[in-house]
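Read off the chains here:
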Amino acid sequence: MKKTLIIFLLISAGLFAQSSGSTGLSFLKLGFGARNIAMGDLGVVGTNDLTGFHYNPSLIAIKKKSQLSFTHSSMMQDLTSKMFAGSFSLFGLPFTAGVNTTSITGIEVRTKPGVAESEFNANYFYGSLSTAFEVYRFFYAGLTVKYLYESLYTNDATGTAFDFGLTYTGLYQDLTLGVSVRNIGSMNKLRNESTKLPSDFRLGAAYNTPLPGYNMDFTILAGVQNYFEGDKLHFHSGAEILYAETLALRVGYMSGYESKGLSAGFGIKWKSINIDYAFVPYKYALGDSHIIGFIFSFN
């Protein structure tokens, strides 16, 4: 279980964002949707399903689909994350509800050399509700409200966070611009001190164009992301080739992270079901991330 303890310490210090470690709840930094992660984990643009709410809630006003989604992420030995989401319409507005559970199991408790005295799990959770609307022609705004929970050994805490997003599609045909600010909020005290949230800013652009002579669609995206607390600017980029609206190949790149950089994956669409896979390798013998997602569309 030594590896498990090391993983727990790395996650607590914010390894995934390479920040100074002045914030906690690093599970909020994990991506959602295997397609988004495979294409560089920018997400603020270029998302064509309900998973976009995780990065930019205004996107759900563009893709008004009733969908169900499940993403399972297996990362760094004993770290697992699951995300459930559903999108629907109510009072003429699109909504998306999401639930995330992330856990690190088998963390040993030791006060002296020898056999571990006990073990505990680190558990994290958030439930969210997102909505969006068209402010003006081609200009969309969105909001997400989150309930947060963390449990470490005998201590736990709750909190609330908000995400805000804007999207514009009227500058040029098939070009999308997006911006978001995420995880603005606070937590109650975890034993003696409140945990700071990993608030961040994202800005990006995505362009999609059909290649009719080859029965393909090509999407490319790029943007920047920055955590507010002691972190440097990250550049994210990605591309996708979709053949016959059935098989997709994806690749992405993220700069400024010491432990990761490249990502890749693929997707298969069969009738109303999308199956997506993403792979993210890590350096320093930390292992690799494997993300698989399922999306069912009702219309």
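The structure displayed is predicted, hence computed values, not measured ones.

Caption draft 1: Spotlight on the nonpolar core. Grouped together as the largest cluster of nonpolar side chains are 29 residues, with contacts concentrated most on Leu25, Phe27, Leu28, Leu148 and Leu197. The leading source of residues in this core is strand β4 (residues 118-136), at five residues. When sequence neighbours within four positions are dropped, the list of residues in contact with leucine 28 reads His54, Tyr126, Leu148, Arg182, Asn183, Leu197 and Pro198.

Caption draft 2: The pattern of salt bridges, seen in detail. On inspection of all chains with the given rule, the structure shows six salt bridges. Across the salt bridge formed by arginine 250 and glutamate 240, the nearest N and O atoms sit 2.7 Å from each other. On the criterion of sequence distance, the pair formed by arginine 250 in strand β13 (residues 247-254) and glutamate 240 in strand β12 (residues 234-243) is long-range, its members being 10 residues apart. On the basis of relative accessibility, which here comes to 5%, the residue glutamate 240 falls in the buried class. Salt bridges linked by common partners bring Arg35, Glu240, Arg250 and Asp276 together as one network.

Caption draft 3: Representation of the pairing of strand β15 (residues 273-281) in the model. Of the strand pairs in this sheet, strand β14 (residues 262-270) and β15 are connected by seven bridges, and their pairing is antiparallel. Its bridge partner lying in β15, phenylalanine 266 is registered against tyrosine 277. What sits between the antiparallel neighbours β14 and β15 is a turn of two residues, in which lysine 271 has the positive phi angle 55°. Strand direction decides the pairing type here: β15 and strand β16 (residues 288-297), joined by nine bridges, are antiparallel. In the sheet register, valine 280 faces β16, and the bridge partner there is serine 289. In sequence, β15 turns back onto β16 through a hairpin of six residues, with tyrosine 284 there showing a positive phi of about 60°.

Reading guide: rules and limits
Residues numbered from 1 in each chain as written. Predicted model: local features only at pLDDT ≥ 70, side-chain atom pairs only at ≥ 80, totals over all residues. Heavy atoms only, no water. Core = buried A, V, L, I, M, F, W, Y, C linked by side-chain atoms within 4.5 Å. Buried < 20%, exposed > 50% of the residue type's maximum accessible area, 1.4 Å probe, protein only. Helix = DSSP H or I, 4+ residues; strand = E, 2+ residues; numbered from the N terminus. Contact = heavy atoms within 4.5 Å. Salt bridge = Lys/Arg side-chain N within 4 Å of Asp/Glu carboxyl O. Pairing = 2+ DSSP bridges.

The values are spatial; any link to function lies outside them.
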